[in-house]
Every structure is written in structure tokens, then in C-alpha cells.
Amino acid sequence: MNNDWTDEELRAAVDVYVEMLQKHHSNKPFTKKHYYEELHRKYGRTEKSFAYRMQNISYVLALMGRNWLPGLKPAKNIGVKNAAKVEKMLAEAEGVSFIPVANFETAVREELDKPLLHEPIGNVTPKIIQTKISAYQRDAKVKAWVLKVANGICEGCGNVAPFYGTDGIPYLEVHHIRQLADGGSDTITNAVALCPNCHREMHYGIDRDRLISKLYSKVPRLIRE
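As a convention, each chain's residues are numbered from 1 in the sequence order in which they are written. Confidence filtering applies because this is a predicted model: local features only for residues at pLDDT of at least 70, side-chain atom pairs given and counted only at 80 or more, and all residues used for totals across whole chains, interfaces and linings. Computation of side-chain values covers all heavy atoms of the structure but excludes hydrogens and water.

The helix and strand inventory of the chain stands at eight helices and two strands. Only DSSP runs of H or I reaching four residues or more are called helices, and only runs of E reaching two or more are called strands; each is numbered from the N terminus. Along the chain direction, N to C, the helices and strands of the chain fall in the order α-α-α-α-α-α-β-β-α-α. Its C-alpha atoms put the chain at 60 × 50 × 35 Å along the principal axes. Relative to its 225 residues, the chain shows a buried fraction of 38%. Computed with the Shrake-Rupley method and a 1.4 Å probe, the accessible areas treat only the protein chains shown as cover for residues. Of the roughly 14,000 Å² of accessible surface on the chain, a fraction of 55% belongs to carbon and sulfur atoms. For the exposure calls, accessible area comes from a 1.4 Å probe over protein chains only, and a residue counts as buried if that area is under 20% of its type's maximum, exposed if over 50%, partly exposed in between.

Given below as C-alpha cells:
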């Protein structure tokens, strides 16, 4: 059949992915293969095709700094156009607004894959994009407590905060182990104080799962959700 995926097929794959991810976070049993079989019967594509598309969705989530479904390692061969569509469909499936980043980051990586890059002209006056975003209402006491307990030491790598902020406080960032977007709680048992480097790695690093396990072993107050 035609290798081009229709919007209907992409949306079906995204909806299934979100459903599986929600079941994973709720500790409800499910079998990926059963979902792939159902999609195959409905749209005719092979189960393997849908399984790989799920890995593409994991890649889009990774570009967004989100956790992906275990067992579906991110696969980047999705293309800028489909990445943008998947990102929008993810937001719609989860009922949230968003700032688009996946299409831009996918384009960056496609450029990086080219053997030769010419010096770009860029944009002297970049256009402003109007977007609506959703935000979670967080408890200031939780962030303050976590930072106070860390006392200027990253709870990930154990190094001293890299600099002082304009407020005179050692600069660390509070990260939720199970992200709020994935249903995580805004509590001290789900939050750690990290240096900017560790924080970025927790969102975008290839060894994120190992770092999460390390944090659960290292920080006694943390409880898996």
C-alpha cells in the first residue's frame, strides 16, 4: 500500500500510544501486540509498521522532553511534517495546549545529518508565533523545601550548584521524577533539586532511565509513582 501515512492513521497510532502510556502510568496491564493487531486489521498496514510508528511517537516525546513508553525506544526517521502532526495530535489526545517544538527540533536534526552544511543566512527579524499553553499550578512550599534540603548540592551528580542566581541563592532546578504531564504529583516524594546539566539530561538524555533509577536509590524520600 501507499507508504504515505494519512492523518487518520497517524491519529489512530497516537491515540493508541497515549492510551498505552496512561495504562503504564496507572500500572494497568496491557499488551502492545494486541493494539498493533487491531490497528493492522483496521488500516491494513503491518503490525511491524505500527510498532515502528510508535517508536517515532516516542522520538517526538523525547524532543518535547517527555517520558516515552518503555520498550518503544525513540526512532527518529519520522520527518519534519509528520513530527509536527504527531506533536499536535499528542496535545489533542491529552487535552492540553502546547508550544510546538518537535517540528523545529526534527528539522535541526535533519540538517545535522547532512554531510555538508553551508553557512546559513538566518533571520534578522524572526517572526513571532502566537501560542496558547497550559501550565500546572505548583506548590511553592514544595519547591522551597526541596531546594532547602539540597542546600546548594545537586541531588543527581552531587556537585555544588554551578552559580548563584541574582537572588543570591545557589542555582538548582526542581525536577519531578514522574512528570506532571504524565500524571505525577507535585510533592517532595516526587521532586529533586538538580543542576541545569543533570536536569537537561533527565529530560533529553539517552540514559534517562538509568539516572532515574540512580535517584530513587540515592534520595531516600523519593517514592515511585
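On to the nonpolar core. The term nonpolar core refers to a set of buried residues drawn from Ala, Val, Leu, Ile, Met, Phe, Trp, Tyr and Cys, joined through side-chain atoms within 4.5 Å. In terms of nonpolar packing, the biggest core is built from 32 residues, with Tyr17, Met54, Ile57, Val86 and Leu90 touching the most fellow members. Only helix H1 (7-25), helix H2 (32-43), helix H3 (47-63) and helix H4 (80-94) provide two or more residues apiece to this core. Discounting chain neighbours no more than four positions away, the residues touching Met54 are Ala13, Val16, Tyr17, Met20, Tyr36, Leu39 and Leu72. Core analysis: the next-biggest nonpolar cluster, separate from the first, contains 21 residues, Val146, Ala150, Ala161 and Leu211 among them. Here, two residues are considered to be in contact whenever any of their heavy atoms come within 4.5 Å of each other.

Aromatic rings from Phe, Tyr and Trp, with only the six-membered ring used for Trp, were paired whenever their centres fell within 6.5 Å, and each pair was classed as stacked if the ring planes differed by under 30 degrees, edge-to-face if by over 60, and tilted otherwise. Summed over the entire model, instances satisfying the criterion amount to three aromatic pairs. An angle of 80° between the planes, with centres 5.2 Å apart, marks the rings of Trp5 and Phe50 as edge-to-face. With Trp5 in the segment before H1 and Phe50 in helix H3, this residue pair connects regions lying 45 residues apart in the sequence. Judged by its relative accessible area of 0%, Phe50 falls in the buried class. The criterion for a charge sitting over a ring is simple: Lys NZ or Arg CZ within 6 Å of the ring centre, and within 35 degrees of the ring normal. In this structure, Arg53 is placed above the aromatic ring of Trp5, and the distance from its NZ or CZ to the ring centre is 4.4 Å.

Take Ala181: it is sitting in the loop between strand E1 (173-176) and strand E2 (191-194). Of the residues examined, Ala181 reaches a relative accessible area of 33% and is grouped as partly exposed. Ala181 sits 114 residues away from Asn67 along the chain, and the two C-alpha atoms are 9.3 Å apart. With near-sequence residues (within four places) excluded, Ala181 lies in contact with Arg66 and Tyr136.

In this section: the environment of Gly95. Position of Gly95 among the secondary structure elements: in the loop between H4 and helix H5 (102-112). Given the relative accessible area of 66%, Gly95 is considered exposed.

Another point: the confidence of the model for the chain. On average, residues of the chain score 90 in pLDDT, and 96% of them reach the 70 mark or higher. By definition, pLDDT measures how confident the predictor is in each residue, and it falls between 0 and 100. Confidence, expressed as mean pLDDT per element, reaches its minimum in the chain at H5 with 82 and its maximum at E2 with 97.

Attention shifts here to helix H7 (residues 196-204). One turn of an α-helix holds 3.6 residues; hence residues three or four places apart share an orientation. Every buried residue of H7 is listed here: Cys198, His199, Met202 and His203. One side of H7 carries all its buried residues, which in axial view fall inside an arc of 135°. Looking at the buried residues of H7, the elements they touch are H3, E1, E2 and helix H8 (208-218). For this quantity, the arc is that covered by the directions from the helix axis to the C-beta atoms.

On to unusual backbone geometry. With phi around 60°, Asn27 is a residue other than glycine that occupies positive phi space. Relative to the elements of secondary structure, Asn27 occurs in the loop between H1 and H2. Even without being a glycine, Asn151 presents a positive backbone phi close to 55°. Looking at where Asn151 falls in the secondary structure, it is placed in the loop between helix H6 (140-150) and E1.

Okay, the pattern of salt bridges next. By salt bridge we mean one thing: a side-chain nitrogen of Lys or Arg within 4 Å of a carboxyl oxygen of Asp or Glu. Across all of its chains, the model carries 13 salt bridges by this definition. For Arg45, the salt bridge goes to Glu9, with nearest N and O atoms at 3.0 Å. Note that Arg45 is positioned in the loop between H2 and H3 and Glu9 in helix H1, a separation of 36 residues in sequence. What makes Arg45 buried here is its relative accessible area of 6%. In this structure, the salt-bridge partner of Lys114 is Glu111, at a minimum N-O distance of 2.9 Å. Judged by relative accessible area, which is 41%, Lys114 ranks as partly exposed. On the basis of relative accessible area, Glu111 is assigned to the partly exposed category, the value being 36%.

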